[in-house]
Amino acid sequence: MTVVLRNEPLLSEASETLDPQNWDEIRAQGHRMLDDMLDYAANIRERPVWQPIPDQVRARFHAELPRTPCDVGEVYREFTDFVVPYATGNVHPGFMGWVHGGGTAVGMLAEMLAAGLNANLGGRDHIPIEVERQVVEWTRTMFGLPSGASGIFVTGTSMANLMAVLVARTSALGQSVRQRGVGDEGAVLTAYTSKAAHGCIAKAMDLAGFGSDALRCIEVDGFHRIDVAALRARIALDRDAGRKPFMVVGSVGTVDIGAIDDLVALSALCREEGLWFHVDGAYGALGILSPTLAPRLAGIENADSIALDFHKWGQVPYDAGFLIVRDGQQHRDTFATPAAYLRRETRGLAAGSSWPCELGPDLSRGFRALKTWFTLKTYGTEKLGAIITRTCALAGYLEARILAEPRLELLAPVQLNIVCFRYRAADANKVNGDIVIDVQESGIAAPSTTVLDGRLAIRAAIVNHRTDICDIDALISAVLEFGAQRSGGGEGPVVEVERSPPLAM
Ligand SMILES: Cc1ncc(COP(=O)(O)O)c(C=O)c1O
């Protein structure tokens, strides 16, 4: 059939779509990709954890906008040769920097299936949304929240914390805040967290229009737990000064050293003072799956909202952040925005209200729930909990190795899966900063740094389910070798620095 549109003939031709002309070819290509990525995970120990990016490789990613087609095999070759060898490295068991999950083959396959379905989880009546609702229900059960709680997948805990601040704001000021803005009443609202809390909470206060000064960062004890008496005193002081406290953010697993606030005390204080109780459980909240750690999270069941990442201790591939809110109606009151083009029906594709777009700022949403659903179903919470327990045991092993080694110094109590230490040296901050970069560049391990009381610490966060005793030993050996070299007290590293081979094709 030929239709003439603005003087150009419109032909009905399969070649005009983006589908392959030859499905067998793309199938073979796809199988190769799948085999390669499974090999990548299976043989990850043969690679350096991370390696510096040569200038000529970086330069390849400053190319012109491609205007003409290129064979997918060629594009894939660029991926294998220039992307894979220079990835973050968090699939590798030697990766201990920041707080990165390791991912799994199951999660990877689920991500491929999600892309195949290309589902949009903003709304409408389809089973992918039921999968997300299922994970919400499982998460609600995990934390002992009542029915009526609502939950939603988001990018990460930074976004989940921002959304929690917005729900708490709507709860404090009423729904009219959404039309009128925070106004004079909002200008006196104050929120509270500890000095050890993650920076994204101050950022959330900033983005929500309160300003980060409206967040009071309360003193912590020697274990980096919020000082509840100091918090109580600051709330009283603020009330006396005419401010309106509205929210407390407790931490489960502080980013520096893995401290867990006293959630029972915080929830009791919030109830007494009529404050919203939010928990930043970015990585620590899933500790609820570990029978050893769960008792330390007591009180989380009283939270008004919890932010967490399945992509950290849950090992789901990036990204899979999550927000759960005790009172689903308050959650919806914060984000639901009716629109004619989003009209709901009782049957047909526009049925199935309420839709996830009522629970956050996003309308278009990917199928993050699928890789989490696959992960929870395939491994079960007992196995995932055991992995979490094991990462903490490995942190304990690292702590013991540090305590037994006179050249090393432990800089903070090990409470969870994070170990902060340093090599003893005259100019310790400089030397330890260099050691961390040396270790990263060697490809042996990838710790990161933090600063505790002005002292630069080598920080090892053991999150990856693949990390084993040999990886802890390799980290210690590398730190000692580079430490000796950097402080002028020894030979250079005896470890061989290997470069990553390209993926087998
Ligand atoms: C305690 C804590 N809160 C919040 C965040 C931010 O989470 P995300 O990186 O998923 O946005 C992190 C990240 O490590 C964290 O450790």
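Residues numbered from 1 in each chain as written. Predicted model: local features only at pLDDT ≥ 70, side-chain atom pairs only at ≥ 80, totals over all residues. Heavy atoms only, no water.

## A word on the side chain of Asn432
Put simply, the rule reads: Segments assigned H or I by DSSP are reported as helices when at least four residues long, segments assigned E as strands when at least two residues long, and all are numbered from the N terminus. Each polar contact in these results corresponds to two N or O atoms within 3.5 Å; when the atoms are within protein, one needs to be able to donate a hydrogen and the other to accept it, and residues that are neighboring in sequence are counted only if both atoms are side-chain atoms.
Topologically, Asn432 is positioned in helix α14 (residues 428-442). At 2.7 Å, the side chain of Asn432 and the backbone nitrogen of Tyr423 are in polar contact.

## Considerations on the pattern of salt bridges
Cut-off, in case you're wondering: In what follows, salt bridge is the name for a side-chain nitrogen of Lys or Arg lying within 4 Å of a carboxyl oxygen of Asp or Glu. Burial here depends on accessible area, computed with a 1.4 Å probe over protein chains only, as a share of the maximum for the residue type. Under 20% is buried, over 50% is exposed, and the range in between is partly exposed.
Within this structure, the stated rule accounts for 25 salt bridges. Notably, a salt bridge pairs Glu130 with Arg133, separated by 2.9 Å at the nearest N-O pair. Of this pair, Glu130 and Arg133 both sit in helix α5 (residues 127-143), 3 residues apart, which is roughly one turn of the helix. Judged by its relative accessible area of 37%, Glu130 falls in the partly exposed class.

## What about the sheet that holds strand β12 (residues 448-452)?
The following threshold applies: Two strands are said to pair when DSSP picks up at least two bridges between them. For helices, the fitted axis covers only the stretch in contact; all axes are lines through C-alpha atoms, and the angles between them, taken along N-to-C directions, range from 0 to 180 degrees. By the convention used here, residues are in contact when the closest approach between their heavy atoms is within 4.5 Å.
The strand order across the open sheet built from 4 strands is β10-β11-β13-β12, with neighbouring strands paired in antiparallel fashion. Where the open sheet ends on each side, the last strands, each with one partner, are β10 (408-410) and β12. Sheet twist, expressed as the average angle between the axes of neighbouring strands with direction ignored, equals 45°. Note: β12 against strand β13 (residues 455-461), 5 bridges, orientation antiparallel. Residue Leu452 lies in a different strand from β13, and its bridge partner there is Arg455. Those strands touched by helix α15 (residues 469-486) are β10, β11 (418-423) and β13, and its axis lies near 25° from that of β11.

## A short note on unusual backbone geometry
Each neighbour pair has its own omega, and for Tyr318 with Asp319 the value is -15°, a cis peptide bond. When you line up the elements, Asp319 lands in the loop between β8 (305-309) and β9 (321-325). One non-glycine residue, Trp98, lies in positive phi territory at about 45°. The residue Trp98 is located in the loop between α3 (72-83) and α4 (105-117) in this model. The phi dihedral of Asn118 is positive, around 50°, even though this residue is not glycine. Tracing the backbone through its elements, the reader meets Asn118 in the loop between α4 and α5. With relative accessibility at 64%, the residue Asn118 sits in the exposed group.

## Regarding the packing of helix α13 (residues 368-403) against α15
What counts here: Two helices that cross are described as forming a left-handed crossing if the nearer one is turned anticlockwise from the farther one by less than a right angle, and a right-handed crossing if clockwise. Asp, Glu, Lys and Arg are counted as charged, while Ala, Val, Leu, Ile, Met, Phe, Trp, Tyr, Cys and Pro are counted as nonpolar; the rest, among them Gly, fall into the polar class.
Packing of α13 against α15 leaves a shortest axis separation of 10 Å and a crossing angle of 35°. Of the two elements, α13 crosses α15, and the hand of that crossing is right-handed. On α15, the residues that touch Leu394, Tyr397, Leu398, Arg401 and Ile402 of α13 are Ile469, Ile472, Asp473, Leu475 and Ile476. Here the residues of the contact of α13 with α15 sort into 8 nonpolar, no polar and 2 charged.

## Describing a nonpolar patch on the surface
Our working definition: Think of a patch as exposed residues, more than 30% relative accessible area, with no salt bridge, where like charges cluster within 9 Å and nonpolar side chains (Val, Leu, Ile, Met, Phe, Trp, Tyr) cluster within 5 Å. Only the protein chains shown count as cover for residues, with accessible areas throughout obtained via the Shrake-Rupley method and a probe of 1.4 Å.
A surface patch of nonpolar side chains, amounting to about 310 Å² of accessible area, comprises Leu38, Leu109, Met112 and Leu113. By residue number, the principal contributor to the nonpolar patch is α4, which donates 3 residues.

## Points about a negative patch on the surface
Rule in force here: The charge count includes Lys and Arg as positive and Asp and Glu as negative, but it does not include His or the ends of the chains. Working definition for charges: the position is that of NZ of Lys, CZ of Arg, CG of Asp or CD of Glu.
There is a patch of like negative charges on the surface, built from Asp24, Glu25, Asp71 and Glu74. For Glu74, the position within the fold is in helix α3.

## Observations regarding the site of the ligand
Heads up, the condition is: The near set for a molecule or strand comprises every residue that places at least one heavy atom within 4 Å of it.
Taken together, 13 residues sit near the ligand, with Thr157, Ser158, Asp280, Asp309 and Lys312 positioned nearest. Within the side chain of Asp309, an N or O atom sits 2.6 Å from an oxygen atom of the ligand. Here the ligand loses 84% of its free accessible area of 390 Å² to cover by the protein chains. Partitioning the shell around the ligand into residue classes produces 4 nonpolar, 6 polar and 3 charged.

## Topic: the state of the cysteines
Each disulfide consists of one covalent bond between the sulfur atoms belonging to two cysteines. Applied cut-off: Two cysteine sulfur atoms make up a disulfide if the distance between them is within 2.5 Å.
If you walk through the whole model with that rule in mind, you get 0 disulfides. The thiol of Cys420 is unpaired, and the distance to the nearest cysteine sulfur, on Cys392, comes to 14 Å.

## Brief notes about the packing of aromatic side chains
Worth spelling out the cut-off: Centre distance within 6.5 Å is the pairing criterion for rings of Phe, Tyr and Trp, where only the six-membered ring of Trp is used; planes under 30 degrees apart are then read as stacked, over 60 as edge-to-face, and the remainder as tilted.
On inspection of all chains with the given rule, the structure shows 8 aromatic pairs. Ring geometry for Phe310 against Phe322: centres 5.6 Å apart, planes inclined by 80°, an arrangement best described as edge-to-face. Of this pair, Phe310 sits in the loop between β8 and β9 while Phe322 sits in strand β9, and the two are 12 residues apart along the sequence. Here the two residues Phe310 and Phe322 agree in accessibility, since each one is buried. When the ring of Trp373 is compared with that of Phe374, the centres are 5.6 Å apart and the planes differ by 85°; the resulting orientation is edge-to-face.

## Here we look at the nonpolar core
What tends to happen in soluble globular proteins is that the nonpolar side chains get buried as a cluster. In plain terms, the rule: Buried residues of nine kinds, namely Ala, Val, Leu, Ile, Met, Phe, Trp, Tyr and Cys, make up a nonpolar core once their side-chain atoms join them within 4.5 Å.
Counting residues in hydrophobic clusters, the biggest one holds 63 residues, and the most contacted among them are Phe143, Leu231, Ile300, Ile306, Phe310 and Trp313. Beyond its immediate stretch of four places on either side in the chain, Ile300 contacts Phe143, Leu145, Val252, Leu263, Val279, Ala285, Ile288 and Ile306. Within the second largest apolar cluster, 32 residues are counted, among which are Val167, Ala191, Cys200 and Leu215.

## Some words on the pairing of β13
The element β13 is extensively covered by neighbouring structure, given that 6 of its 7 residues are classed as buried. Pairing between β11 and β13: 4 bridges, direction antiparallel. Across the sheet, the residue bridging to Val419 is Ala460, located in β13. The antiparallel hairpin formed by β12 and β13 contains 2 residues in its connecting segment, where Asp453 sits at a positive phi of about 50°.

## Notes on the confidence of the model for the protein
So the rule is basically this: Every residue gets a pLDDT, meaning the predictor's confidence in that residue, from 0 to 100.
The share of residues in the protein with pLDDT of 70 or more is 95%, and the mean pLDDT across the chain is 95. Averaged pLDDT values for the elements of the protein fall to 60 in strand β1 (residues 2-5) and rise to 99 in strand β7 (residues 276-280).

## Description of the sheet that holds strand β6 (residues 244-251)
Read across the sheet, 7 strands follow the order β3-β9-β8-β7-β6-β4-β5 without closing on themselves; strand pairing throughout is mixed. The sheet terminates laterally at β3 (150-154) and β5 (215-218), the two strands that pair on one side only. With strand direction ignored, the average angle separating the axes of adjacent strands in the sheet is 20°. The strands that helix α6 (residues 157-173) touches are β3, β4 (189-194), β6, β7, β8 and β9; relative to β7, the one it contacts most, it runs at about 180°. Against the sheet, helix α11 (residues 263-273) makes contact with β6 and β7, and its axis sits at roughly 155° relative to β7, the strand it touches most.

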